[in-house]
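Examination of the molecular architecture
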Amino acid sequence: MVYCTPMKIKDAKYIISSAEYTQAPKADRPEYAFIGRSNVGKSSLINMLTNKKGLAKISSSPGKTQLINHFEVSSNDKIPWYLVDLPGYGYAKVSQKSRNRWEQMIENYIRKRENLVCLFVLVDSRHEPQKVDLEFINDLGKWEIPFAVIFTKSDKNKPGATLRNVKAFIAALKENWEETPPFFVTSALTSEGQQLVLDYIGDLNLGTRNKN
Ligand SMILES: Nc1nc2c(ncn2[C@@H]2O[C@H](COP(=O)(O)OP(=O)(O)O)[C@@H](O)[C@H]2O)c(=O)[nH]1
Ligand SMILES: [Mg+2]
């Protein structure tokens, strides 16, 4: 299925923050969630994708919010969808108790939210493969969750470094995965990757419509 018209976001608005997936809005439209380490650039990416600077809060104290944040998006394909900002992982100063709570809440959301079409896992393009990201993605495999990888902050790299880190990450994934997952390189500063990610969502939206 190829989505021919470039996806354009018409509007995006905050709906609700939930402590559990059971409190989330009715699962009546395709949903795309964003996750990754604290500070990876999740909120910035959400704002870049939707062209709304203040939509997701760019936090100065990472690891604080432990909520599932729903945003309603309308786009030119006339299929409304939800965009979800999930709390980050891998923040060192978080207690074991709150880490366990995070794991339970995220696992429940990821495995039980029936309209979740794709989980975007954000990875900082400035770093070599990190264990915490690889382990998280391996869990997704066990749970059979469709996902794609988004490498963030490409503007911060010297030429060549992004490609080197992306290649190393994909190579590390290949130790456990037969196929390379879909992946994107993005920058919230230059908007690199914006249209590619949106068109990917557009394609998936179309797939959900044709299924019904
Ligand atoms: N240069 C640059 N800085 C970024 C980019 N994305 C995020 N940042 C910065 O990285 C920090 C963390 O970003 P934030 O979106 O709050 O990360 P989150 O914790 O994953 O939601 C902030 O200071 C952002 O301004 C990017 O693409 N380029
Ligand atoms: Mg954030």
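This report concerns the structure included in the present document. (Residues numbered from 1 in each chain as written. Chains lettered and ligands numbered in written order. Predicted model: local features only at pLDDT ≥ 70, side-chain atom pairs only at ≥ 80, totals over all residues. Heavy atoms only, no water.)

Considering the overall build of the protein chain
Across its full length, the protein chain holds 5 helices and 7 strands. In the protein chain, the succession of α and β elements from N to C terminus is β-β-α-β-β-α-β-α-β-α-β-α. In terms of overall dimensions, the protein chain is globule-like: its C-alpha atoms have a radius of gyration of 16 Å, near the 17 Å expected for 212 residues. Overall, the protein chain is about 40 × 40 × 35 Å in size when its C-alpha atoms are taken along their principal axes. For the protein chain, with 212 residues in total, the buried portion stands at 48%. (Helix = DSSP H or I, 4+ residues; strand = E, 2+ residues; numbered from the N terminus. Rg over C-alpha atoms; globule rule 2.2 N^0.38 Å. Buried < 20%, exposed > 50% of the residue type's maximum accessible area, 1.4 Å probe, protein only.)

Digging into the packing of helix 2 (residues 96-112) against helix 3 (residues 131-143)
It is the contact of helix 2 with helix 3, at a shortest axis distance of 11 Å, that shows an interaxial angle of 45°. By the angle between their axes, helix 2 is oblique relative to helix 3. The interaxial crossing formed by helix 2 with helix 3 has right-handed handedness. Counting all contacts with helix 2, which are made through W102, I106, E107, I110 and R111, the residues of helix 3 involved are F136, L140 and W143. (Axes fitted to C-alpha atoms, helices over the stretch in contact; angles between N-to-C directions. Parallel < 35°, antiparallel > 145°, perpendicular 65-115°, else oblique. Left-handed = near helix turned anticlockwise from the far one by under 90°. Contact = heavy atoms within 4.5 Å.)

Describing the packing of helix 3 against helix 4 (residues 161-173)
Remark: helix 3 packs on helix 4, axes separated minimally by 11 Å, with the N-to-C direction vectors making an angle of 45°. With respect to helix 4, the axis of helix 3 lies oblique. Along this stretch, helix 3 crosses helix 4, giving a crossing that reads as right-handed. Only F169, A172 and L173 of helix 4 make contact with helix 3, whose side of the interface consists of D133, L134 and I137. Classifying every residue of the contact of helix 3 with helix 4 gives 5 nonpolar, no polar and 1 charged. (Nonpolar A, V, L, I, M, F, W, Y, C, P; charged D, E, K, R; others polar.)

Notes on the site of ligand 1
Among the 16 residues in the neighbourhood of ligand 1, the closest are listed as N39, K42, S44, D155 and A188. A distance of 3.2 Å is found between an oxygen atom of ligand 1 and a backbone nitrogen or oxygen belonging to V40. Separating an oxygen atom of ligand 1 from a side-chain N or O atom of K153 is a distance of 3.1 Å. Starting from 580 Å² of accessible surface for ligand 1 in isolation, the protein chains cover 79%. Grouping the amino acids of the shell around ligand 1 by side-chain chemistry returns 4 nonpolar, 7 polar and 5 charged. (Near = heavy atom within 4 Å. Polar contact = N/O pair within 3.5 Å; in protein donor to acceptor, adjacent residues only side chain to side chain. Areas by Shrake-Rupley, 256 points an atom, 1.4 Å probe, with all protein chains shown as cover.)

What about the sheet that holds strand 6 (residues 147-152)?
Reading across the sheet, the 7 strands line up as 1-3-4-2-5-6-7 and stay open at both edges, with mixed pairing between neighbours. Both outer strands of the open sheet, strand 1 (9-18) and strand 7 (183-185), are each paired with one neighbouring strand and no more. With strand direction ignored, the average angle separating the axes of adjacent strands in the sheet is 25°. As judged from the 5 bridges shared by strand 3 (residues 68-75) and strand 4 (residues 81-85), these two strands associate in the antiparallel manner. Considered in strand 4, the bridge of N69 is made with D85. Its contacts with the sheet place helix 1 (residues 42-50) against strand 1, strand 2 (31-36), strand 4, strand 5 (116-124) and strand 6, and it is angled at close to 145° to strand 2. Docked against the sheet, helix 2 engages strand 1, strand 2, strand 3, strand 4 and strand 5, running at close to 150° with respect to strand 2. (Pairing = 2+ DSSP bridges.)

Section: the side chain of S18
With respect to the helices and strands, the residue S18 is situated in strand 1. A relative accessible area of 0% means that S18 is categorised as buried. Look past the residues within four positions of S18 in its chain and what remains in contact with it is Q23, A24, L67, I68 and M105.

Quick look at the pattern of salt bridges
Pairs can form between side chains of opposite charge whenever their charged atoms are close. With the rule as written, the count across this model stands at 10 salt bridges. Between D28 and R29 there is a salt bridge, and its shortest N-O distance comes to 3.0 Å. You can call R29 buried: its relative accessible area is 17%. (Salt bridge = Lys/Arg side-chain N within 4 Å of Asp/Glu carboxyl O.)

Considerations on the nonpolar core
Counting 29 residues, the largest nonpolar core has I35, L86, I110, L119, V121, F136 and L140 as the members making the most contacts within it. For this core, the secondary structure elements donating two or more residues are strand 2, helix 2, strand 5, helix 3, strand 6 and helix 4. Beyond its immediate stretch of four places on either side in the chain, I35 contacts K42, L86, P87, Y89, W102, I106, L119, F120, V121, L122 and F136. Listed in part, the 26 residues of the second largest apolar core include A12, V40, L55 and A148. (Core = buried A, V, L, I, M, F, W, Y, C linked by side-chain atoms within 4.5 Å.)

Shape descriptors only; they carry no functional weight alone.
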